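# Breakdown of the fold
Residue-level listing of the chains:
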Amino acid sequence: MQKLTAQRQAILDMINRSDKHWEADDVAYALKEEGVQIGIATVYRGLAALAEQGLIESIQLADKKRYERADKAHHDHLICTDCGNIEEFCEPEIEALQDKVAAERGFKIEGHQLLLFGLCKTCKAGES
Ligand SMILES: [Zn+2]
Ligand SMILES: [Zn+2]
(Lines give C-alpha, C1' and ligand atoms only; values in the text may rest on other atoms or scores of the structure.)
(Ligands and ions follow the chains in the order given, each with its own letter.)
Protein backbone atom coordinates (compact mmCIF):
# COMPACT_ATOMS: atom_id res chain seq x y z
CA MET A 1 0.00 0.00 0.00
CA GLN A 2 1.28 3.44 -0.83
CA LYS A 3 2.24 5.66 2.04
CA LEU A 4 -0.36 8.20 3.07
CA THR A 5 0.45 11.89 3.09
CA ALA A 6 0.72 13.43 6.55
CA GLN A 7 -2.63 15.16 6.03
CA ARG A 8 -4.43 11.98 4.99
CA GLN A 9 -2.85 10.13 7.90
CA ALA A 10 -4.14 12.86 10.24
CA ILE A 11 -7.67 12.49 8.78
CA LEU A 12 -7.52 8.70 9.13
CA ASP A 13 -6.27 8.90 12.72
CA MET A 14 -9.06 11.33 13.62
CA ILE A 15 -11.74 9.02 12.24
CA ASN A 16 -10.22 5.90 13.77
CA ARG A 17 -10.20 7.55 17.19
CA SER A 18 -13.99 7.66 17.57
CA ASP A 19 -17.23 5.89 16.70
CA LYS A 20 -18.66 9.02 15.08
CA HIS A 21 -20.07 9.32 11.58
CA TRP A 22 -18.06 12.26 10.32
CA GLU A 23 -18.92 14.99 7.88
CA ALA A 24 -16.02 16.67 6.09
CA ASP A 25 -16.71 19.87 8.04
CA ASP A 26 -16.45 18.02 11.37
CA VAL A 27 -13.12 16.51 10.37
CA ALA A 28 -11.73 19.88 9.26
CA TYR A 29 -12.89 21.50 12.50
CA ALA A 30 -11.50 18.75 14.74
CA LEU A 31 -8.13 18.85 12.97
CA LYS A 32 -7.92 22.63 13.33
CA GLU A 33 -8.64 22.24 17.04
CA GLU A 34 -5.56 20.04 17.20
CA GLY A 35 -3.51 22.60 15.34
CA VAL A 36 -3.43 20.74 12.03
CA GLN A 37 -3.63 23.29 9.21
CA ILE A 38 -5.77 21.77 6.49
CA GLY A 39 -8.15 23.26 3.94
CA ILE A 40 -11.67 21.95 3.48
CA ALA A 41 -10.98 20.93 -0.13
CA THR A 42 -8.05 18.82 1.05
CA VAL A 43 -10.28 17.19 3.66
CA TYR A 44 -12.91 16.34 1.02
CA ARG A 45 -10.31 14.87 -1.32
CA GLY A 46 -8.60 13.02 1.52
CA LEU A 47 -11.84 11.45 2.76
CA ALA A 48 -12.79 10.32 -0.75
CA ALA A 49 -9.34 8.81 -1.30
CA LEU A 50 -9.31 7.01 2.07
CA ALA A 51 -12.77 5.56 1.36
CA GLU A 52 -11.63 4.49 -2.10
CA GLN A 53 -8.73 2.63 -0.48
CA GLY A 54 -11.11 0.94 1.97
CA LEU A 55 -9.41 2.57 4.96
CA ILE A 56 -12.68 4.22 6.05
CA GLU A 57 -16.35 3.58 5.28
CA SER A 58 -18.51 6.11 3.50
CA ILE A 59 -22.25 6.50 3.85
CA GLN A 60 -24.04 8.38 1.08
CA LEU A 61 -26.79 10.59 2.50
CA ALA A 62 -29.20 12.57 0.33
CA ASP A 63 -26.92 15.58 -0.02
CA LYS A 64 -23.59 14.66 1.54
CA LYS A 65 -21.35 11.85 2.66
CA ARG A 66 -20.50 10.76 6.16
CA TYR A 67 -17.45 8.69 7.03
CA GLU A 68 -16.68 6.22 9.79
CA ARG A 69 -14.06 3.73 10.91
CA ALA A 70 -13.70 0.73 8.64
CA ASP A 71 -12.98 -1.76 11.44
CA LYS A 72 -16.42 -1.79 13.07
CA ALA A 73 -18.53 -4.94 12.76
CA HIS A 74 -21.09 -4.77 9.95
CA HIS A 75 -24.08 -2.60 10.78
CA ASP A 76 -26.77 -0.52 9.09
CA HIS A 77 -27.99 2.98 9.87
CA LEU A 78 -31.09 4.86 10.99
CA ILE A 79 -30.65 8.47 9.89
CA CYS A 80 -32.65 11.36 11.34
CA THR A 81 -33.48 13.82 8.57
CA ASP A 82 -34.17 16.55 11.13
CA CYS A 83 -31.21 16.60 13.56
CA GLY A 84 -28.82 14.45 11.52
CA ASN A 85 -28.38 11.90 14.29
CA ILE A 86 -27.25 8.48 13.09
CA GLU A 87 -28.08 5.30 14.98
CA GLU A 88 -26.52 1.95 14.18
CA PHE A 89 -28.30 -1.38 14.11
CA CYS A 90 -27.77 -4.91 12.90
CA GLU A 91 -30.84 -7.10 12.44
CA PRO A 92 -30.01 -10.75 11.68
CA GLU A 93 -33.37 -11.32 9.98
CA ILE A 94 -32.76 -8.49 7.50
CA GLU A 95 -29.23 -9.73 6.85
CA ALA A 96 -30.53 -13.26 6.20
CA LEU A 97 -33.28 -11.98 3.87
CA GLN A 98 -30.70 -10.17 1.76
CA ASP A 99 -28.73 -13.40 1.40
CA LYS A 100 -31.94 -15.18 0.38
CA VAL A 101 -32.79 -12.55 -2.28
CA ALA A 102 -29.30 -12.78 -3.71
CA ALA A 103 -29.16 -16.59 -3.64
CA GLU A 104 -32.49 -16.84 -5.48
CA ARG A 105 -31.06 -14.69 -8.25
CA GLY A 106 -27.63 -16.31 -8.41
CA PHE A 107 -26.17 -13.02 -7.21
CA LYS A 108 -22.99 -12.80 -5.17
CA ILE A 109 -23.19 -10.02 -2.58
CA GLU A 110 -19.92 -8.21 -2.00
CA GLY A 111 -21.34 -5.65 0.38
CA HIS A 112 -24.42 -3.67 1.21
CA GLN A 113 -25.62 -0.57 2.95
CA LEU A 114 -29.08 -0.13 4.38
CA LEU A 115 -30.07 3.42 5.29
CA LEU A 116 -33.41 4.14 6.92
CA PHE A 117 -34.37 7.83 6.78
CA GLY A 118 -36.84 9.44 9.15
CA LEU A 119 -37.19 11.08 12.53
CA CYS A 120 -35.29 9.92 15.61
CA LYS A 121 -37.08 9.41 18.91
CA THR A 122 -36.22 12.90 20.15
CA CYS A 123 -37.27 14.72 16.97
CA LYS A 124 -40.44 12.66 16.69
CA ALA A 125 -41.39 13.62 20.24
CA GLY A 126 -40.77 17.31 19.49
CA GLU A 127 -42.99 17.19 16.42
CA SER A 128 -46.33 16.30 17.94
ZN1 LIG B 1 -33.45 13.76 15.24
ZN1 LIG C 1 -22.06 3.36 11.51
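As the structure is a computational prediction, the values presented were derived from the model and not from experiment. (Residues numbered from 1 in each chain as written. Chains lettered and ligands numbered in written order. Predicted model: local features only at pLDDT ≥ 70, side-chain atom pairs only at ≥ 80, totals over all residues. Heavy atoms only, no water.)

### Some words on the coordination of the zinc ion (ligand 1)
Ideal donor angles around a metal are set by the shape: a four-donor tetrahedron calls for 109.5 degrees, a six-donor octahedron for 90 or 180 degrees. The zinc ion (ligand 1) binds to the protein through Cys80 (SG), Cys83 (SG), Cys120 (SG) and Cys123 (SG); the donor distances cover 2.3 Å. For the zinc ion (ligand 1), the four donor atoms are set out with angles of 106 to 112 degrees between them, so the coordination reads as tetrahedral. All donors of the zinc ion (ligand 1) come from a single chain, and their spacing in sequence reads C-x2-C-x36-C-x2-C. Cysteine 80 sits in the buried class, given a relative accessible area of 3%. (Donors = N, O, S within 2.8 Å, 3.2 Å for Na, K, Ca; no water. Tetrahedral: all angles 85-135°; square planar, octahedral: opposite > 155°, others 65-115°. Buried < 20%, exposed > 50% of the residue type's maximum accessible area, 1.4 Å probe, protein only.)

### Thoughts on the coordination of the zinc ion (ligand 2)
The zinc ion (ligand 2) binds to the protein through His21 (NE2), Glu68 (OE), Glu68 (OE), His75 (NE2), His77 (NE2) and Glu88 (OE); the donor distances cover 2.0 to 2.7 Å. Of note is the zinc ion (ligand 2), whose six donor atoms meet at the metal with angles of 52 to 167 degrees in an arrangement that counts as irregular. Binding-site remark: the zinc ion (ligand 2) is held by donors from one chain whose sequence spacing is H-x46-E-x6-H-x1-H-x10-E. Of the two residues, histidine 21 sits in the loop between α1 (6-16) and α2 (24-33) while glutamate 88 sits in strand β4 (residues 86-89), which places them 67 residues apart along the sequence. Glutamate 88 sits in the partly exposed class, given a relative accessible area of 34%. (Helix = DSSP H or I, 4+ residues; strand = E, 2+ residues; numbered from the N terminus.)

### Here's the deal with helix α4 (residues 92-104)
Structurally, the α-helix is built with 3.6 residues per turn, so residues lying three or four positions apart point the same way. Across its 13 residues, α4 extends 18 Å between first and last C-alpha, which sits within 8% of the 18 Å expected from 1.5 Å per residue. Glycine 106 sits one or two positions beyond α4 and adopts a positive phi of about 60 degrees. (Expected span 1.5 Å × (residues − 1).)

### A closer look at the domain arrangement of the chain
If you check the domain split of the chain, you get domain 1 (6-69) and domain 2 (76-127). Look at where the C-alpha atoms of domain 1 and domain 2 centre, and you get two points 23 Å apart. Each side of the interface is counted separately: domain 1 has seven residues, and domain 2 has eight residues. Counting the contacts that link domain 1 with domain 2 gives zero salt bridges. Scanning the region where domain 1 abuts domain 2 turns up five residue pairs in polar contact (both at pLDDT 80 or more). Of all the secondary-structure elements, those providing two or more residues to the side of domain 1 that touches domain 2 are β1 (56-60) and β2 (65-69). (Domains from an automatic or database assignment. Contact = heavy atoms within 4.5 Å. Salt bridge = Lys/Arg side-chain N within 4 Å of Asp/Glu carboxyl O. Polar contact = N/O pair within 3.5 Å; in protein donor to acceptor, adjacent residues only side chain to side chain.)

### What about the sheet that holds strand β5 (residues 115-118)?
Read from one edge of the open sheet, three strands run β4-β3-β5, paired in mixed fashion. The strands lining the two open edges of the sheet, one partner per strand, are β4 and β5. Recorded for the sheet is a direction-independent mean angle of 20 degrees between the axes of neighbouring strands. Bridge count for strand β3 (residues 76-80) against β5 is four bridges, and the pairing is parallel. Bridge assignment links cysteine 80 to a residue of β5, and that residue is glycine 118. (Pairing = 2+ DSSP bridges. Axes fitted to C-alpha atoms, helices over the stretch in contact; angles between N-to-C directions.)

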